[in-house]
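# Secondary and tertiary structure notes
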Amino acid sequence: MSTLDSGLTLIRNASQRVSKANGWMGNAFKSWMPTGLYARALLIMIVPMVILQTVVAFVFMERHWNTVTRRLSAAVVSDIAALIDVYKSYPQDKDRAQLRRIAQKLQLVVDFLPAGDMPPPGPKPFFSLLDQTLSVQLGRQISRPFWIDTVGKSNLVEIRVQLDDSVMRIFAQRSAAYASNSEIFIFWMLGTSTILLIVAVLFLRNQIKPILRLADAAESFGKGREAPNFRPRGAREVRRAAQAFIEMKARVERSIEQRTAMLAGVSHDLRTILTRFKLELALIGEGPEIDAMRKDVDEMSMMLEDYLAFARGDSGEVAQPTDMALALEELHSDAERHGHTATVAFHGLPVVTVKPASFKRCLANLVSNAARHANTISITGHRDHRYLNVTVDDDGPGIPADMREEVFKPFLRLDDARNQDEGGTGLGLAIARDIARSHGGDIMLSESPMGGLRAVVRVPV
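A short tour of the structure in this document, coming up. This one's a predicted model, so the numbers in the text were calculated from it and none came from an experiment.

### Regarding the pairing of strand 3 (residues 156–162)
For a regular strand, the rule is simple: side chains alternate between the two faces of the sheet. For strand 3, the buried fraction is high: 6 of the 7 residues fall into the buried class. Pairing between strand 2 (residues 146–149) and strand 3: 4 bridges, direction antiparallel. Within the sheet, the bridge partner assigned to Trp 147 lies in strand 3 and is Arg 160. As paired strands, strand 3 and strand 4 (residues 167–173) are joined by 7 bridges and run antiparallel to one another. The residue of strand 4 that forms the bridge with Val 161 is Met 168. Taking the residues that link successive antiparallel strands as the turn, the strand 3-strand 4 hairpin has 4 residues.

Have a look at this one:
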């Protein structure tokens, strides 16, 4: 049993190591892969084509180009060997005219140099198939000292062979010893592949465009903006997804409209009752009890307005370009008009597409929350190519770190430290975050450098 247990342990450890290695390789491969659908689809088309063309080119080079070149080079070297045999067998041909006529019929040019006219061996050209095959064939068939030049002239190959009393110099056509038409196959292969890839890229772009339009429409809807020119296009699956998005958008908008209509009816009924209360209190007269009742009725009216604003959100308002620097300056003026020390600054392009009334209310809730509990307020706006950030700092008591998410819950009021809506309904921050999220952004709370609370509104531009 101990041997079996040790064997199982070894197998288990080996499988764990293989699993870890597989996970590491998978993560590394994911980090190298592009994240966009367009780039990935291009890779799906390009990589198999490149692999196929590489295999075809390798097989062609190995089986055709190399074989033909070797055979042509062997034939040229065989002709040279035959000429050397003729040179040895017919010494009576003093001027070698007969040898030159035979060489001419073999499409070779032959002359003879002095015995010592043999150049030193030069550097071998890198990746020269002709040089390699000629060297092998000359060493195999002639077995004499030789010198070759395959790069000196474009269409000729020079070969020198050391004889007993002289050096035979032979000029051969490069095409006779080398499969020179093989590059045409490579060029045709690369050319046709390039044309096919261009056609595939153009086709793929047309297939990707509907997906990008769907993503843009969903992003605009998340930011509270309209996409008026959006309609289902592209392949059947993409049109189906686009149609599902349109139906979902219609259901969401219909639900919001129904909720708004219901709340409008409720508010009308409640306002009617509150109006009767005010009239009856006005007819009763004056007194401490009457003043307290009037105060309660006014507070109920304010609470009703807050409830309706929270439930209604920013429905019905259309996003449009808004000068945020001017909006922040108005908030700054309101804060100073109520007796608070305030500063304002804005950096970047001030025009941002938002729902102006609702977004201004979001910022006004944050500024009024700061003004209620602090003496000094700092309002800073910053816009870059991605986000609009509006920061509201104050020197108030702040909010404990463990309660900074809880205060966004509707109707929540803090008992100590800082009450975000003292004397109200506890909906100020909830309404502000609801508006920010309807623009595709959010609100974050943190500790301010001024010692109080920092509220940052971030929305995409």
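### Some words on a nonpolar patch on the surface
A contiguous nonpolar patch, built from Leu 43, Val 47, Ile 51, Val 55, Phe 58 and Val 59 and spanning about 520 Å² of accessible area, is present on the exposed surface. Tracing the backbone through its elements, the reader meets Phe 58 in helix 2 (residues 37–89). The exposure class assigned to Phe 58 is exposed, which follows from its relative accessible area of 56%.

### Observations regarding the sheet that holds strand 4
Spatially, the 4 strands line up as an open sheet ordered 1-4-3-2, and their pairing is antiparallel. Sheet topology places strand 1 (108–113) and strand 2 at the edges, where each strand pairs with a single neighbour. In this sheet, neighbouring strand axes are inclined to one another by 15° on average, regardless of whether the strands run parallel or antiparallel. Packed onto the sheet, helix 3 (residues 97–105) meets strand 1 and strand 4 and runs at close to 150° relative to strand 1. Strands strand 2 and strand 3 of the sheet are contacted by helix 4 (residues 129–141), whose axis makes an angle of about 160° with strand 2.

### Overview of the nonpolar core
Counting residues in hydrophobic clusters, the biggest one holds 35 residues, and the most contacted among them are Ile 443, Leu 445 and Val 457. For this core, the secondary-structure elements that each account for two or more residues are helix 9 (324–337), strand 7 (351–354), helix 10 (356–373), strand 8 (376–383), strand 9 (387–394), helix 11 (428–438), strand 10 (442–447) and strand 11 (453–460). The biggest single contributor to this core is helix 10, with 7 residues. Residues within four places of Val 457 in sequence aside, it is in contact with Phe 359, Cys 362, Leu 363, Leu 366, Leu 388, Asn 389, Val 390, Ala 436, Asp 442 and Ile 443. Ranked by size, the runner-up nonpolar core spans 27 residues in total, among them Trp 65, Ile 84, Leu 130 and Ala 177.

### Some thoughts on the side chain of Gln 162
With respect to the secondary-structure elements, Gln 162 resides in strand 3. Using a relative accessible area of 18% as the deciding quantity, one classes Gln 162 as buried. What Gln 162 contacts, discounting residues up to four positions off in sequence, is Ala 115, Met 118, Arg 144, Pro 145 and Val 167.

### Quick look at helix 4
Counted at 1.5 Å a residue, the expected span for helix 4 with its 13 residues is 18 Å, and the 18 Å between its end C-alpha atoms agrees. For helix 4, every residue scored as buried is listed here: Leu 129, Leu 130, Asp 131, Thr 133, Leu 134, Ser 135, Gln 137 and Leu 138. Ser 143 sits one or two residues past helix 4 and shows a positive phi near 55°.

### Brief notes about the packing of helix 10 against helix 11
Put simply, helix 10 and helix 11 touch, their axes get as near as 9 Å, and they point 145° apart. For helix 10 against helix 11, the interelement crossing comes out left-handed. The segment helix 10 lies against helix 11, with Ser 358, Phe 359, Arg 361, Cys 362, Asn 365, Leu 366 and Asn 369 engaging Gly 428, Leu 429, Ile 431, Ala 432, Ile 435 and Ala 436. For the contact of helix 10 with helix 11, the per-class residue count stands at 8 nonpolar, 4 polar and 1 charged.

### Observations concerning the sheet that holds strand 9
The 5 strands lie next to each other as 6-8-9-11-10, forming an open sheet whose pairing is mixed. Of all the strands in the sheet, just strand 6 (341–347) and strand 10 have a single pairing partner and so form its edges. Taken over all neighbouring pairs, the strand axes of this sheet differ in orientation by 15° on average, direction set aside. Bridge count between strand 10 and strand 11: 6 bridges; the pairing is antiparallel. Within strand 11, the residue paired with Ser 446 across the bridge is Arg 454. Taken strand by strand, helix 11 contacts strand 10 and strand 11, and its axis lies near 130° from that of strand 10.

### Observations regarding the packing of helix 9 against helix 10
As a packed pair, helix 9 and helix 10 sit with axes 11 Å apart at the nearest point and diverge in direction by 35°. Remark: the crossing between helix 9 and helix 10 carries right-handed chirality. Contacts between helix 9 and helix 10 involve Met 324, Leu 328, Glu 330, Leu 331 and Ala 335 from the first element and Phe 359, Lys 360, Leu 363, Ala 364 and Val 367 from the second. Along the lines of polarity and charge, the residues of the contact of helix 9 with helix 10 split into 8 nonpolar, no polar and 2 charged.

### A few points about the environment of Pro 449
As for its placement among the helices and strands, Pro 449 is situated in the loop between strand 10 and strand 11. Residue Pro 449 is classed as exposed on the basis of its relative accessible area of 66%. Separated by 56 residues in sequence, Pro 449 and Asp 393 have C-alpha atoms that sit 7.7 Å apart.

The rules behind each value
- Residues numbered from 1 in each chain as written.
- Predicted model: local features only at pLDDT ≥ 70, side-chain atom pairs only at ≥ 80, totals over all residues.
- Heavy atoms only, no water.
- Buried < 20%, exposed > 50% of the residue type's maximum accessible area, 1.4 Å probe, protein only.
- Helix = DSSP H or I, 4+ residues; strand = E, 2+ residues; numbered from the N terminus.
- Pairing = 2+ DSSP bridges.
- Patch = residues over 30% accessible without salt bridge, like charges linked within 9 Å, V, L, I, M, F, W, Y side chains within 5 Å.
- Areas by Shrake-Rupley, 256 points an atom, 1.4 Å probe, with all protein chains shown as cover.
- Salt bridge = Lys/Arg side-chain N within 4 Å of Asp/Glu carboxyl O.
- Axes fitted to C-alpha atoms, helices over the stretch in contact; angles between N-to-C directions.
- Contact = heavy atoms within 4.5 Å.
- Core = buried A, V, L, I, M, F, W, Y, C linked by side-chain atoms within 4.5 Å.
- Expected span 1.5 Å × (residues − 1).
- Left-handed = near helix turned anticlockwise from the far one by under 90°.
- Nonpolar A, V, L, I, M, F, W, Y, C, P; charged D, E, K, R; others polar.

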